[in-house]
Each structure stands twice: as C-alpha cells, then as structure tokens.
Amino acid sequence: MAENPVILILNGPNLNMLGQREPEIYGSQTLADIEAACIDQGKKLGLAVDFRQSNLEGELVTWVQENSNQVAGLIINSAAYTHTSVAILDSLLNFSPPVIEVHLSNIFKRETFRHHSYISGAADGVICGLGAKGYLLALDALADMID
Ligand code: CA2
C-alpha cells in the first residue's frame, strides 16, 4: 500500500513558548497540543505530518531546502522571521510543493511592523487570526491541492 503524502509543518522562533504567556494573543494551547491536533487531522485526511520548530533562521532555511523534493506540501508559521527574513523567502521561492503561511494571531490587527510578510510572496495561501485552527484549515487546503 502506498504511504501517505507527508506535510511538513515548520514553526519559527519563540513558538516553543506557546501556552506559557500571552494567551490573550496566541491562545492557551502549547505547541505540543497543536502538533497533536495536526497529526490527528492529518490522519483524517490521509496525510502524514512532520512537525518541527526552530529558533534559528538558518535551520528553517535548511529544512525548506532539504524537503523540496521530499514532501507533498508545507505549512509555515515563521513567527517573527515573517517580517524580516529574505533568506526564508528565497528558500521558499525554490520550494516546489504548495505552501500555506499560517499565523495564530491576526497580524493586520497588530503593530504596523507585523503587517508586512516576506513569506506571503512565496505562499499559495495565507491564514491568520484563527488561532491553532489555522493549522488544521491549512491541512484541509493542502489535502485538496494535492488530491
Ligand atoms: O501570530 C503568529 O502566529 C505570529 O507568527 C507569532 C509570532 C509573531 O512574531 C508574528 O508577528 C505572528 C510570535 C511568536 C511568539 O510566540 C510566543 C508565544 C507565547 C509566548 C511568547 C511568544
């Protein structure tokens, strides 16, 4: 039997702190809770989920590079690097499978510096402001895209 397509989910700096502070902005779920929910949703959709977090820009770039020919899709919450990283943008511009950018908070309702995303220039879709549910909606969208 063929193996399930893999969706890589990348999380950027400080998202390992989820659930420990600022629940009014980011919700009360931990990153481990979100990972478990994504794996569960993936099973329902026939997708395998590879869920990772890094505080290092270069590590995120390397993971994008290494997986362009290995996975069926990418979900990325690049956190603060969203607003600064041409390096992650460049890696995504050379990434073949579909990419969905996700943010827990509505970045357009927050400080002006969060309104611009370098990542959006390489994303097929963008979801923000829906909390952890955004990751699950991104999985739904990728399941349709790769069908
Ligand atoms: O809303 C999002 O998902 C963000 O990507 C989260 C980033 C922020 O820089 C972006 O503008 C929007 C910040 C992640 C930091 O997460 C923390 C969670 C709990 C406690 C401290 C930080």
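Okay, so let's go over this structure.

### Regarding the sheet that holds strand β5 (residues 125–128)
Reasoning step 1: In space, the five strands of this open sheet follow the order β2-β1-β3-β4-β5, with parallel pairing throughout. In this open sheet, the two edge strands, each paired with only one partner strand, are β2 (48–53) and β5. Strand-to-strand twist of the sheet, defined as the mean angle between neighbouring strand axes without regard to direction, takes the value 15°.
Reasoning step 2: By the bridge criterion, six bridges tie strand β1 (residues 6–11) to β2 in an arrangement that is parallel. Looking at β2, one finds that Ile9 is bridged to Phe51.
Reasoning step 3: Lying over the sheet, helix α2 (residues 31–45) contacts β1 and β2, oriented at roughly 165° with respect to β2.

### Considerations on unusual backbone geometry
Reasoning step 1: Positive phi outside glycine occurs at Glu22, with the angle close to 55°.
Reasoning step 2: Residue position: Glu22 is located in the loop between β1 and α1 (23–26).
Reasoning step 3: Of the residues examined, Glu22 reaches a relative accessible area of 32% and is grouped as partly exposed.
Reasoning step 4: Although it is not a glycine, Ala79 adopts a positive phi angle of roughly 50°.

How each quantity is defined
Residues numbered from 1 in each chain as written. Predicted model: local features only at pLDDT ≥ 70, side-chain atom pairs only at ≥ 80, totals over all residues. Heavy atoms only, no water. Pairing = 2+ DSSP bridges. Helix = DSSP H or I, 4+ residues; strand = E, 2+ residues; numbered from the N terminus. Axes fitted to C-alpha atoms, helices over the stretch in contact; angles between N-to-C directions. Contact = heavy atoms within 4.5 Å. Buried < 20%, exposed > 50% of the residue type's maximum accessible area, 1.4 Å probe, protein only.

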